[in-house]
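Here's the letter readout for the chains.
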Amino acid sequence: MKKKCKNCKTKFGWKKIFRAIWSKSKIICNHCKTENEISLSSKIVFFLVGLAPVFANFIFYVVNDYFFQIGKLPLTTTYMIWYWFLLLVSPYLVNLKK
Ligand SMILES: [Zn+2]
């Protein structure tokens, strides 16, 4: 699952990719200085994955007449947990391009 440089296959660490995603910058390879860009399709995936629990819960509400919640946590907290999780795994979800 490790992301590699498109040019020389040097592996990028979690921190490096994470920073590039959320600062909207390119990942510059330490080895060959190639700029690796985060592909548009990964950004679309993020957007959809980010919205997924909101839609899923809406459907859940329509079917069951109440929202899905983790224990007695408020709905916003349930979503927050999802977004924190998404944030942590985000470097593994992206695709890179030159
Ligand atoms: Zn490289």
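Residues numbered from 1 in each chain as written. Predicted model: local features only at pLDDT ≥ 70, side-chain atom pairs only at ≥ 80, totals over all residues. Heavy atoms only, no water.

**Quick word on the pattern of salt bridges**
Right, on to step 1. As enumerated under the stated definition, the model contains 1 salt bridge in all.
Right, on to step 2. Glu35 serves as the salt-bridge partner of Lys26, at 3.6 Å between the closest nitrogen and oxygen.
Right, on to step 3. Residue classification places Glu35 among the partly exposed residues on the basis of a relative accessible area of 40%. (Salt bridge = Lys/Arg side-chain N within 4 Å of Asp/Glu carboxyl O. Buried < 20%, exposed > 50% of the residue type's maximum accessible area, 1.4 Å probe, protein only.)

**Considerations on a nonpolar patch on the surface**
Right, on to step 1. A surface patch of nonpolar side chains, about 770 Å² in accessible area, is lined by Leu40, Ile44, Phe47, Leu48, Leu51, Val54, Phe55 and Tyr83.
Right, on to step 2. The leading source of residues in the nonpolar patch is helix H2 (residues 40–64), at 7 residues.
Right, on to step 3. As for its position among the elements, Leu48 is in helix H2. (Patch = residues over 30% accessible without salt bridge, like charges linked within 9 Å, V, L, I, M, F, W, Y side chains within 5 Å. Areas by Shrake-Rupley, 256 points an atom, 1.4 Å probe, with all protein chains shown as cover. Helix = DSSP H or I, 4+ residues; strand = E, 2+ residues; numbered from the N terminus.)

**Focus: the packing of H2 against helix H3 (residues 75–93)**
Right, on to step 1. Viewed as axis vectors pointing N to C, H2 and H3 meet at an angle of 155°, and their least axial separation amounts to 10 Å. In terms of orientation, H2 lies roughly antiparallel with respect to H3. Along this stretch, H2 crosses H3, giving a crossing that reads as right-handed. Contact residues: H2 offers Phe46, Val49, Gly50, Leu51, Pro53, Val54 and Asn57, while H3 offers Leu75, Tyr79, Trp82, Tyr83, Leu86, Ser90 and Leu93.
Right, on to step 2. Considering only residue class, the contact of H2 with H3 consists of 11 nonpolar, 3 polar and no charged. (Axes fitted to C-alpha atoms, helices over the stretch in contact; angles between N-to-C directions. Parallel < 35°, antiparallel > 145°, perpendicular 65-115°, else oblique. Left-handed = near helix turned anticlockwise from the far one by under 90°. Contact = heavy atoms within 4.5 Å. Nonpolar A, V, L, I, M, F, W, Y, C, P; charged D, E, K, R; others polar.)

**Considerations on H3**
Right, on to step 1. For H3, with 19 residues, the first-to-last C-alpha span of 25 Å sits near the 27 Å given by 1.5 Å per residue.
Right, on to step 2. Residues of H3 that are buried include every one of Thr78, Tyr79, Leu86, Ser90 and Pro91, and no others.
Right, on to step 3. For H3, the elements touching its buried residues are strand E1 (3–4), helix H1 (14–22) and H2. (Expected span 1.5 Å × (residues − 1).)

**Overview of the environment of Phe46**
Right, on to step 1. With respect to the secondary-structure elements, Phe46 resides in helix H2.
Right, on to step 2. For Phe46, a relative accessible area of 12% gives the class buried.
Right, on to step 3. Separated by 42 residues in sequence, Phe46 and Lys4 have C-alpha atoms that sit 20 Å apart.
Right, on to step 4. Residues contacting Phe46, with those up to four places away along its chain left out, are Ile21, Leu86, Ser90, Leu93 and Val94.

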